[in-house]
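# Tertiary structure, described
Listed below, chain by chain, are the residues.
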Amino acid sequence: MTIALTSIAQRQLLRRSSAFAAKQASMACSVIDGSSTPPPSFLTSADHGQGRKPAAAMPGSAVAATRSYSSVTAPCGCNANPYGFKCRYHSTKSFSTQPETTTDHEYNISTTTTPGVIVPPDDDNETMIHDKIQATFDNAAFTSQQLSSRLRTVLSLYGYEKDSTLLATSLCCDEVNRTFEDDLRQNFQQNFNMGGLAGFAFGGVTSFGAMAAHIPDDGHCLMVYGPHVGIDSDGVFGKVDRRGQEHSNSCCGSAAAAANYVTDVYHGKQSITPIPTDSLLDAQQAWVGHQLLPHTERLIKAQNPSVELPNALYDSQDELVLQILEQGKEMVSSSLVCLVGGIQVNTPPDMEEYFVPKRFQLWNNGQIVEDLMEDLY
């Protein structure tokens, strides 16, 4: 089958027009009092009535960030805005020991905090976390909802439609990563899962072939992959606040265990563990540690090892995905494969998840058709 694409000149014109419109919308949305209309391309049905505010009009803008169209102050001190997003909670992070009910006087909604439940951070803390994520990742992070919307907008120029696109993901099996997949499904429907511990595509060529066989007729594939790292409500990378737990804990746990392993090997505290060939009891974790070994020195010398760790894992996972694509290219010869690789950043409860794209390319028959990274921004 021949893949019909708009001419390069037409595509570039469409892309530039779309980027200009998005930039104008971002500028219009960056009024701190929340009175400007948010950019339509960044709002999906999931934004409305779910208590989840889009955290930024565009990544990297300190003005258009969390403060964009969500900072009108209601009399009770909670945040509201003219677009129907209800405030979340009224207090900063705390661990409740007694049930306590607070009332949102703007919407007449009561919120009860029960023992053993972490109260998510307030908007000031969200702003701190947002700013720290952007500063750490060079202003390149999108919220998961922003990324999902941008992917659909850009890829629609290349024949990607919701009903004819198969979404494949290779993300860690940690439950905190499912929110990102939920946001992707808002624009691309159900996903085929290729991932295992730490986000490695442990499904390999076999799962890629199975996924390829599921692509709708005359449709294409979108593959999103990468490791993840948490940031807790105190702004500490490598940890995340989890539902029902008093203290934040490690995220990604598999990655942290692998980092401890390679560090011990480097310092001679233990020898390299052979990859098991006769047991599946912990085979995936053994492979995560094995794949991280070549990156040991960069982790040890890193200023912030908790941030360097997902970057190192991404490099290893990206290499694996390209090998799988090369081996399986004939299985998708009649379709485009869009690779979106990067680092997922998990945040405290009820905050937007983030994703830092590192690869956004269209492939066909083992060749890059178009590099689309600049079109995301």
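Rules used in this analysis
- Residues numbered from 1 in each chain as written.
- Predicted model: local features only at pLDDT ≥ 70, side-chain atom pairs only at ≥ 80, totals over all residues.
- Heavy atoms only, no water.
- Helix = DSSP H or I, 4+ residues; strand = E, 2+ residues; numbered from the N terminus.
- Buried < 20%, exposed > 50% of the residue type's maximum accessible area, 1.4 Å probe, protein only.
- Contact = heavy atoms within 4.5 Å.
- Areas by Shrake-Rupley, 256 points an atom, 1.4 Å probe, with all protein chains shown as cover.
- Phe/Tyr/Trp six-rings, centres within 6.5 Å; stacked < 30°, edge-to-face > 60°.
- pLDDT = per-residue confidence, 0-100.
- Axes fitted to C-alpha atoms, helices over the stretch in contact; angles between N-to-C directions.
- Parallel < 35°, antiparallel > 145°, perpendicular 65-115°, else oblique.
- Nonpolar A, V, L, I, M, F, W, Y, C, P; charged D, E, K, R; others polar.
- Core = buried A, V, L, I, M, F, W, Y, C linked by side-chain atoms within 4.5 Å.

## Considering the overall build of the protein
Per the secondary structure count, the protein includes nine helices and 14 strands. Burial analysis of the protein (377 residues in total) assigns 50% to the buried set. Put simply, 68% of the contacts in the protein that link residues at least 6 apart link residues at least 24 apart. By element, 51% of the accessible surface of the protein is carried by carbon and sulfur atoms, the whole surface being about 16,700 Å².

## Observations regarding the packing of aromatic side chains
In this structure the tally under the stated criterion is five aromatic pairs. Ring geometry for Phe 137 against Phe 237: centres 6.1 Å apart, planes inclined by 80 degrees, an arrangement best described as edge-to-face. One end of the pair, Phe 137, is in the loop between helix H2 (123-136) and strand E5 (142-143); the other, Phe 237, is in the loop between strand E9 (228-230) and strand E10 (239-240), and 100 residues separate them in sequence. There is no split in this pair, since Phe 137 and Phe 237 are both buried. Seen from their ring centres, Phe 180 and Phe 355 are 5.0 Å apart, and the 25 degrees between their planes marks the pair as stacked. Highlighted residues: Phe 180 in helix H4 (residues 178-188) and Phe 355 in strand E13 (residues 354-364), separated in sequence by 175 residues. On the accessibility criterion, Phe 355 (0% relative accessible area) is buried.

## Overview of the confidence of the model for the protein
Per-residue pLDDT for the protein has a mean of 76; in total, 68% of the residues score no lower than 70. Across residues 4-9 the pLDDT falls below 50, and counting only partners more than four positions away or on other chains, this stretch makes six contacts in the model. Scored below 50 in pLDDT, residues 19-120 makes 215 contacts in the model with residues more than four places away or belonging to other chains.

## Quick word on helix H7 (residues 283-292)
In an α-helix there are 3.6 residues to a turn, and that puts residues three or four apart on one side. Within H7 the residues assigned to the buried category are Ala 283, Gln 285, Val 288, Gly 289 and Leu 292. Of the surrounding secondary structure, the elements contacted by the buried residues of H7 are helix H6 (253-266), helix H8 (296-301) and helix H9 (305-327).

## Let's talk about unusual backbone geometry
Along the chain, Cys 251 connects to Cys 252 via a cis peptide bond; the corresponding omega equals 15 degrees. Structurally, Cys 252 can be placed in the loop between strand E11 (249-250) and H6. Positive phi values are uncommon outside glycine, yet Asn 365 reaches one of about 55 degrees. Structurally, Asn 365 can be placed in the loop between E13 and strand E14 (367-371). Overall, the relative accessible area of 38% leaves Asn 365 in the partly exposed class.

## Let's talk about the packing of H7 against H9
It is the contact of H7 with H9, at a shortest axis distance of 10 Å, that shows an interaxial angle of 95 degrees. Taken together, H7 and H9 sit at an angle that is classed as roughly perpendicular. Between H7, through Val 288, Gln 291 and Leu 292, and H9, the contact on the second element is made entirely by Leu 309, Ala 312, Leu 313 and Ser 316. Among the residues making up the contact of H7 with H9, the classes are represented as five nonpolar, two polar and no charged.

## Notes on the nonpolar core
Within the largest apolar cluster, 34 residues are counted, with the highest numbers of intra-cluster contacts made by Ile 133, Phe 137, Met 211, Met 223, Phe 237, Leu 339 and Val 345. Breaking this core down by element, the ones donating at least two residues are H2, strand E6 (165-170), helix H5 (204-213), strand E8 (220-225), H9, strand E12 (337-346) and E13. In terms of residue count, H9 provides more of this core than any other element does, five residues in total. Among residues more than four places away in sequence, those in contact with Ile 133 are Ala 141, Ile 231, Phe 237, Val 345, Thr 347 and Tyr 354.

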